[in-house]
Every structure is written in C-alpha cells, then in structure tokens.
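Next come the chains, spelled out residue by residue.
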Amino acid sequence: MSDNFLSAPIFITSDHAGYDLKIALRDWLRANGQADITLLGATSTSATDYPDDAAALAQAMSKNKQANKTAMGIAICGSGIGISIALNRHRHIRAALCRDSGDAETARQHNNANVLVLAARRIDLATATAIIKKFQEKDFESSAERHRRRVDKLA
C-alpha cells in the first residue's frame, strides 16, 4: 500500500520569516493541482513565535489523524531549526528539516517523516519545490525491518 503524500491534504505553517515562502508554495501547489491546502501560523511578516506556529500545525495534524486520514505538513521558519524542535515535541509528528531533495527522500523512506521543514533564509523557491516533490512522492520503506523498528521507538 502506498503511503505517499501525492493526493493527501497539506497543512502549511510558518512564522513571520517563512510567511513569503509559505504563500509562494501555496500558490505553486495550487498551480500544480493540489486543492486541499490549509494555511496556519503567521498571517503576515509581522513577528510571531515559531512554537505557536508549530503548535497550530501539530493540532491540525492530530485532528486529521484522529479522523483516520493521512495528511502532510510543511513548516517554515528562518533557519528551520526552531520550528523543527517545537514540532518534534509532539508524539504524532516526525518533522524533518530538509535542505535538498536527498534529505527529503531519506526523511520519508527511512524516518517516515510526516512534516517537511524548510528554512526560508537558506533555500530559494526552486529548491523548496524540488524538495516538496520528492517528499510527496516517496513512501516509507516499511518492509525494511530496521526502519520500522527505529520509527516505532520514536512514538
């Protein structure tokens, strides 16, 4: 069974530093056929606190999980580090900061990441879209016992 995110709803959150990239990615996703997108977090470039923006995503992902649905999360802050830390405090989140498509592939295949974290101040839109494409299309390698065993220890 495929567990990729090609047709899954997408929740996107950001702090103020990631706001412009969030809007650009929403527009790119819509232009590429993704209809089910929910924006969370910052509503402008005015300062917000990334733990609050991360909590909004974690809550949305939790409600989706409780409804037995698969969803993909995208979280953006300036470096990607702060929002990653905040997200990974939630047991149902496996957030991975990805700086290139190779990171995205590994995050999905080996770690079953369900939230892609992007660093708005470190990557451009073209890089971000390449990362998203790879993250969406890859499946968790659940047949590899070592990956399942390790991911199970995260829950």
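Asker: Outline the nonpolar core, supporting the account with residue identities and numerical values.
Answerer: A general tendency of soluble globular proteins is for nonpolar side chains to be buried together. Core analysis: the biggest nonpolar cluster contains 24 residues, and Leu29, Met72, Ile74, Leu116, Leu118, Ile132 and Phe135 have the highest contact counts within it. Listed by contribution, the elements that provide at least two residues to this core are β1 (10-14), α1 (19-31), β3 (72-77), α4 (101-111), β5 (115-119) and α5 (125-137). Among the nonpolar cores identified, the runner-up in size contains 17 residues, and Leu57, Cys77, Ile93 and Val117 belong to it.

Asker: Tell me about the packing of α1 against α5, residues and numbers included.
Answerer: In the contact formed by α1 and α5, the axes pass within 11 Å of each other and the chain directions differ by 55 degrees. One element, α1, and the other, α5, form an angle in the oblique class. Crossing of α1 over α5 shows right-handed handedness. Here Leu21, Ala24, Leu25, Trp28 and Leu29 of α1 lie close against α5, whose contacting residues are Leu125, Ala128, Thr129, Ile132, Lys133 and Gln136.

Asker: How would you explain the pairing of β3 if you had to name every residue and give the values?
Answerer: In terms of residue burial, β3 counts as a mostly covered element, since 6 of its 6 residues are buried. Burial of β3 is two-sided: the residues Met72, Ile74 and Ile76 facing one way and the residues Gly73, Ala75 and Cys77 facing the other way are all buried. Note that β1 and β3 share 5 bridges and pair parallel. Across the sheet, Phe11 pairs through a bridge with Gly73, a residue of β3. Direction of pairing for β3 relative to β5: parallel, over a ladder of 5 bridges. When the sheet's bridge partners are listed, Ala75 is paired in β5 with Val117.

Asker: Give a detailed account of α4, specifying residues and quantitative values.
Answerer: Residues of α4 that are buried include every one of Ala104, Ala107, Arg108 and Gln109, and no others. With a side-chain oxygen positioned 3.0 Å from the backbone nitrogen of Gly102, the residue opening α4 is Asp100.

Conventions and cut-offs
Residues numbered from 1 in each chain as written. Predicted model: local features only at pLDDT ≥ 70, side-chain atom pairs only at ≥ 80, totals over all residues. Heavy atoms only, no water. Core = buried A, V, L, I, M, F, W, Y, C linked by side-chain atoms within 4.5 Å. Buried < 20%, exposed > 50% of the residue type's maximum accessible area, 1.4 Å probe, protein only. Helix = DSSP H or I, 4+ residues; strand = E, 2+ residues; numbered from the N terminus. Axes fitted to C-alpha atoms, helices over the stretch in contact; angles between N-to-C directions. Parallel < 35°, antiparallel > 145°, perpendicular 65-115°, else oblique. Left-handed = near helix turned anticlockwise from the far one by under 90°. Contact = heavy atoms within 4.5 Å. Pairing = 2+ DSSP bridges. Polar contact = N/O pair within 3.5 Å; in protein donor to acceptor, adjacent residues only side chain to side chain.

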